[in-house]
Amino acid sequence: MTQVKPAPGGRMLTVLRVHLPSEIPIVGCEITPYVLLRRPDGGIFTDDVPEASAVDGYFMRYKWYRIQSDRRAAVCSVHPTEQATLQCIGCLKSKIPVAKSYHCSAKCFSDAWQHHKVLHERAISALNENGTEEEELFGRFGSGSSSSGIISAALSGSTPNLSQSSGANNGPTPVYPTGTEKSSGETWFEVGRSRTYTATADDIGHALRFECVVVDLETRGTMGAPTSVMTSRVIPAPTPTPRRLIPVNAADAMGHFDLDSRTSSFGTFTVLSYNILADTYATSDTYSYCPTWALSWAYRRQNLLREIIGYHADIICLQEVQNNHFEEFFAPELDKHGYQALYKRRTTEVYAGSPQAIDGCATFFRRDRFSHVKKYEVEFNKAAQSLTDAIIPAAQKKLALNRLVKDNIALIAVLEAKFGNHGTENPSKRQLLCVANTHINIHHDLKDVKLWQIHTLLKGLEKIAVSADIPMLVCGDFNSIPGSTSHGLLAMGKVDQMHPDLAVDPLGILRPLSKLTHQLPLVSAYSSFARMASVGYDLDHQRRRMDPATNEPLFTNCTRDFTGTIDYIFYTADSLTVESLLELLDEDSLRKDTALPSPEWSSDHIALLAEFRCTPRVRR
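Residues numbered from 1 in each chain as written. Predicted model: local features only at pLDDT ≥ 70, side-chain atom pairs only at ≥ 80, totals over all residues. Heavy atoms only, no water.

> What is the right way to read the overall build of the protein chain from this model?
Along the protein chain, the regular secondary structure elements total 13 helices and 30 strands. Every one of the 620 residues in the protein chain was classed for burial, and the buried ones make up 53%. For the protein chain, long-range pairs separated by at least 24 residues make up 74% of all intrachain contacts whose partners lie at least 6 apart in sequence. (Helix = DSSP H or I, 4+ residues; strand = E, 2+ residues; numbered from the N terminus. Buried < 20%, exposed > 50% of the residue type's maximum accessible area, 1.4 Å probe, protein only. Contact = heavy atoms within 4.5 Å.)

Pasting the structure below:
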């Protein structure tokens, strides 16, 4: 037995506590246990202590195990924390991923049918076999959402054949020995030797065990028994049904594009706008209906990245991107996929939290499609200071600034297209594009502040438009519903001077009302669904998700407290044409019993995406 030399005074590095950020591990999501340590000098800390950075002659050693029971169980694809009892035969016959075939009950399968049947519809298209066989396999699934469409079988207890996901870094190679211990019908497989672990598909349905122990650097002996903690069973990452890109061009209105297999055609480009819900706001108090594991940033960041990358957008406008998450995650991850990044953090006159946790707007663009020309940053706080200096009496300035200073910003990027000017009047002319990305004030009782911020942004964009003949996109979370004065200013270029919103103006910042105009020919991209005269299944389906009174989606933000549209992509209609739009979500897509965020969708907003084509300006 190795003799261990204690530290002077009999004190040494000690493990005080170990716990997990979430008891439920998800495939593809990194797990980093919280390990509380005491130094030999009595200090308490949580930093890692690897062998290369030993503390007073001691370091930490870690091990992860997968605990496999002789009694194996599949996991429900809808409720991944529940054991599956039914399996969809149609999924098996059509070679849909087996993990999506499992359900915990007949009611679960029936309730999820509207969502689940889309998998079968797409499998039909992929089969390319004769109609008789398709009818045999899927005929009973085509009659709507009634429970009579269910095809399922009781599970026999066999484990699904799941391939191991790649890319997880769970410690040094070579691969560890297989069975390390077997007792009470359980086998322990060593799967990792680092502090963090990323669950793989092989772990689905099995619990994990994390162990850590203090090791003496000189003798290599362990200091006492390992401290350990166990997880719940590993679950697969829930994956929503992919959203399609629906053409709105009259010539193509009967078809649709698959985002996974297409890229922008010559002369067209796609723009994504998405409020991703900053981690600092994603609390269990606010979103009590969302499982805790699905609210964790370790899970949400991977789910958001998968979704964002899957849209293959040429330009990405994100809101509520925390400063640390931009620097440590989104910028480097999207860089791997060919995107250049621009970022503007919100100002901090009001914000009192950690500087790293403050959020902002991030704009990404494909390097092979665009180059960066110029960046403008709009700080509404500075505009508020200038406004109060100009029109507010000195005695009222503090009160005025308390109302106007809300830390909101806008990020404006001027880009140059690399795909040329095919079809324009002057092919040799540089094709520039101005993209504004903003997040407007959220407070419902500050309608005057919202309108003032949007008017300030539009006046800034007007100056850019005057200096260059340039198409414009205005994207973001405007926190303004269709029919509000803010939406009216954007879409109509002016406000209804009798609108009740204008009654709220205690500082007089909206007067005279005649100044609330702009000259940019802005149109909401998603209004194209309502404006198109074309017919067809896809367009009709999307129109049912539109508000006929406003020509806007029924919602882009969906929580238990609010469901409505507050996100938009506006474009200058004299220089850009909408070619296609990302399909909208409906109640069935979001599940009947939940709001956003959810395990499938990791923000309380939905992403908007439009494909545009640059067109010659109409001379008036």
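Structure's up, so let's keep going.
> What should I look at first to understand the UniProt feature "domain: C6H2-type" (unreviewed entry) in the protein chain in this one?
As annotated in UniProt, the feature "domain: C6H2-type" (unreviewed entry) corresponds to residues 82-121 in the numbering used here. Taken end to end, residues 82-121 is 50% helix and 12% strand, and its two terminal C-alpha atoms sit 26 Å from one another. (UniProt positions renumbered as here; feature names shortened; annotations may be inferred.)

> How should the pairing of strand S5 (residues 58-69) be read in this particular structure?
Here S5 lies mainly inside the structure; 9 of its 12 residues are buried. Here S5 runs beside strand S12 (residues 207-216); their pairing, made up of 10 bridges, is antiparallel. Paired with Lys 63 across the strands is Glu 211, a residue of S12. Where S5 lies against strand S10 (residues 186-192), 6 bridges are found, and the strand directions are antiparallel. Residue pairing across strands places Tyr 65 opposite Glu 190, the latter belonging to S10. (Pairing = 2+ DSSP bridges.)

> Help me understand the sheet that holds strand S19 (residues 370-379) in this model?
Where strands meet in a sheet, backbone hydrogen bonds hold them as pairs that are either parallel or antiparallel. A sheet is described by the order of its strands in space; here 6 strands give the open sequence S19-S20-S21-S22-S28-S23, paired in mixed fashion. Edge positions in the sheet fall to S19 and strand S23 (522-524), since each has one partner strand and no second. Each neighbouring strand pair of the sheet contributes to a mean axis angle of 20°, computed without reference to strand direction. The pairing of strand S20 (residues 409-417) with strand S21 (residues 432-439) spans 7 bridges and is antiparallel. If you follow Glu 416 over to S21, its bridge partner there is Leu 432. Sheet strands in contact with helix H10 (residues 447-467) are S19, S20, S21, strand S22 (472-477) and S23, and its direction is about 160° off that of S22. Packed on one face of the sheet, helix H11 (residues 485-492) meets S23 and strand S28 (567-572) and runs near 25° to S28. (Axes fitted to C-alpha atoms, helices over the stretch in contact; angles between N-to-C directions.)

> Which parts of the structure should I look at to understand the sheet that holds strand S4 (residues 44-45)?
One open sheet accounts for 3 strands, arranged S1-S3-S4; its pairing is antiparallel. A strand with exactly one partner marks an edge of an open sheet, and here the two such strands are strand S1 (14-19) and S4.

> Explanation requested: the pattern of salt bridges in the structure shown.
Two side chains of opposite charge can pair, provided their charged atoms sit close to one another. A complete count under the given rule lists 23 salt bridges for this structure. With its nearest N and O atoms 3.7 Å apart, the salt bridge here joins Arg 366 to Asp 314. Here Arg 366 is found in strand S18 (residues 359-366), whereas its partner Asp 314 is found in the loop between helix H6 (297-310) and strand S16 (315-322), with 52 residues between them in sequence. Both residues of the pair, Arg 366 and Asp 314, belong to the buried class. Here the residues in one salt-bridge network are Lys 344, Lys 375, Glu 377, Glu 379 and Lys 382, joined through shared partners. (Salt bridge = Lys/Arg side-chain N within 4 Å of Asp/Glu carboxyl O.)

> Would you explain the packing of helix H8 (residues 380-391) against helix H9 (residues 397-404) in this entry?
For any two helices packed against each other, the geometry is given by the interaxial angle and the distance between the axes. Their axes nearest at 10 Å, the elements H8 and H9 cross at an angle of 150°. Overall, the two elements H8 and H9 adopt an arrangement that is roughly antiparallel. Crossing of H8 against H9: the hand is right-handed. Where H8 approaches H9, its residues Ala 384, Gln 385, Leu 387, Thr 388 and Asp 389 are matched on the opposing element by Lys 397, Ala 400, Leu 401 and Leu 404. Here the contact of H8 with H9 is composed, by residue class, of 5 nonpolar, 2 polar and 2 charged. (Parallel < 35°, antiparallel > 145°, perpendicular 65-115°, else oblique. Left-handed = near helix turned anticlockwise from the far one by under 90°. Nonpolar A, V, L, I, M, F, W, Y, C, P; charged D, E, K, R; others polar.)

> Would you mind going over the packing of H10 against H11 with me for this structure?
The geometry of H10 relative to H11 is characterised by a closest axis approach of 9 Å and an angle of 20° between their N-to-C directions. Classified by the angle between their axes, H10 and H11 sit roughly parallel to one another. Considering the relative orientation of H10 and H11, their crossing is right-handed. Packed against H10, whose contacting residues are Lys 450, Leu 451, Ile 454, His 455 and Leu 458, the element H11 presents Thr 485, Ser 486, Leu 489 and Leu 490 at the interface. Partitioning the contact of H10 with H11 into residue classes produces 5 nonpolar, 3 polar and 1 charged.

> Is there a simple way to think about the layout of surface pockets in this case?
If a probe as big as a water molecule is rolled over the atoms, it shows which places are left empty. Its boundaries defined by the atoms lining it, the second largest pocket holds a volume of some 950 Å³. Lining the second largest pocket are 39 residues, and of these Asn 441, Ile 442, His 443, His 444 and Asn 479 sit closest to its centre. Broken down by secondary-structure element, the contributors of at least two residues to the lining of the second largest pocket are H10 and H11. Of the residues in the lining of the second largest pocket, the class split is 13 nonpolar, 16 polar and 10 charged. (1 Å grid on protein atoms, 1.4 Å probe; cavity = no way out; pocket = protein on both sides within 12 Å on 5 of 7 lines; lining within 4 Å. Points joined across faces, edges and corners; volume = space filled by probe spheres on them.)

> Whenever I open this one, H9 confuses me. Can you help?
Along an α-helix, residues three or four apart share an orientation, since each turn contains 3.6 residues. Inspection of H9 places Ala 400, Leu 401, Arg 403 and Leu 404 among the buried residues, and these make up the whole buried set. One side of H9 carries all its buried residues, which in axial view fall inside an arc of 160°. Along H9, exposed side chains directed more than 90 degrees from the buried face belong to Lys 398, Leu 399 and Asn 402. Considering only its buried residues, H9 is in contact with H8 and H10. (Arc of directions from axis to C-beta.)

> Looking at this model, I keep getting lost on the packing of aromatic side chains. Mind explaining?
Think of a pair of aromatic rings as described by two things: how far the centres are apart, and how the planes are tilted against each other in angle. Taken as a whole, this structure holds 21 aromatic pairs when the rule is applied. Note on Phe 326 and Phe 364: the rings are 6.0 Å apart at their centroids and 40° apart in plane angle, and the pair reads as tilted. Remark: Phe 364 occurs in strand S18 and Phe 326 occurs in helix H7 (residues 323-336); sequence separation between them is 38 residues. According to the relative accessible area criterion, Phe 326 is buried, its value standing at 11%. For the ring pair Tyr 526 and Phe 529, a centre distance of 5.8 Å and an interplane angle of 70° mean the geometry is edge-to-face. In terms of burial, Tyr 526 and Phe 529 fall into one category: buried. Taking the ring centre of Phe 45 as reference, the NZ or CZ of Arg 39 above it sits at 4.2 Å. (Phe/Tyr/Trp six-rings, centres within 6.5 Å; stacked < 30°, edge-to-face > 60°. Lys NZ or Arg CZ within 6 Å of the ring centre and 35° of its normal.)

> Looking at this structure, I do not really get the pairing of strand S3 (residues 34-38). What am I missing?
Regular strands place their side chains on alternate faces of the sheet. Looking at chain direction, S1 and S3 are connected through 5 bridges and run antiparallel. Note on S3: the bridge partner recorded for Val 15 is Leu 37. Looking at chain direction, S3 and S4 are connected through 2 bridges and run antiparallel. The residue bridging Arg 38 from the neighbouring strand is Ile 44, located in S4. In this antiparallel pair of consecutive strands, S3 and S4, the connection spans 5 residues, and Gly 42 shows a positive phi of 100°.

> Just to check I follow, could you spell out the nonpolar core for this structure?
Residues Phe 269, Ile 315, Leu 473 and Phe 612 are the most contacted members of the largest nonpolar core, which totals 113 residues. Those residues in contact with Leu 473, other than ones at most four positions away along the chain, are Phe 269, Val 271, Leu 433, Cys 434, Val 435, Ala 436, Ile 569, Phe 570, Tyr 571, Leu 576 and Phe 612. The next biggest cluster of nonpolar side chains, apart from the first, holds 42 residues, and it includes Val 378, Ala 400, Ile 412 and Leu 451. (Core = buried A, V, L, I, M, F, W, Y, C linked by side-chain atoms within 4.5 Å.)

> Is there a simple way to explain unusual backbone geometry in this structure?
Across the chain, the bulk of peptide bonds are trans and the bulk of non-glycine residues have phi less than zero. Look at the link from Arg 511 to Pro 512: it is a cis peptide, with omega at -5°. Relative to the elements of secondary structure, Pro 512 occurs in the loop between H11 and S23. Of note, the bond from Leu 596 into Pro 597 is cis; its omega dihedral lies within 30 degrees of zero at 0°. Tracing the sequence through the fold places Pro 597 in the loop between strand S29 (576-582) and strand S30 (608-614). Its identity is not glycine, yet Asp 56 carries a phi of approximately 50°, on the positive side. Along the polypeptide, Asp 56 turns up in the loop between S4 and S5. Assessed through its relative accessible area of 55%, Asp 56 is described here as exposed. One non-glycine residue, Asp 407, lies in the positive phi region at around 75°.

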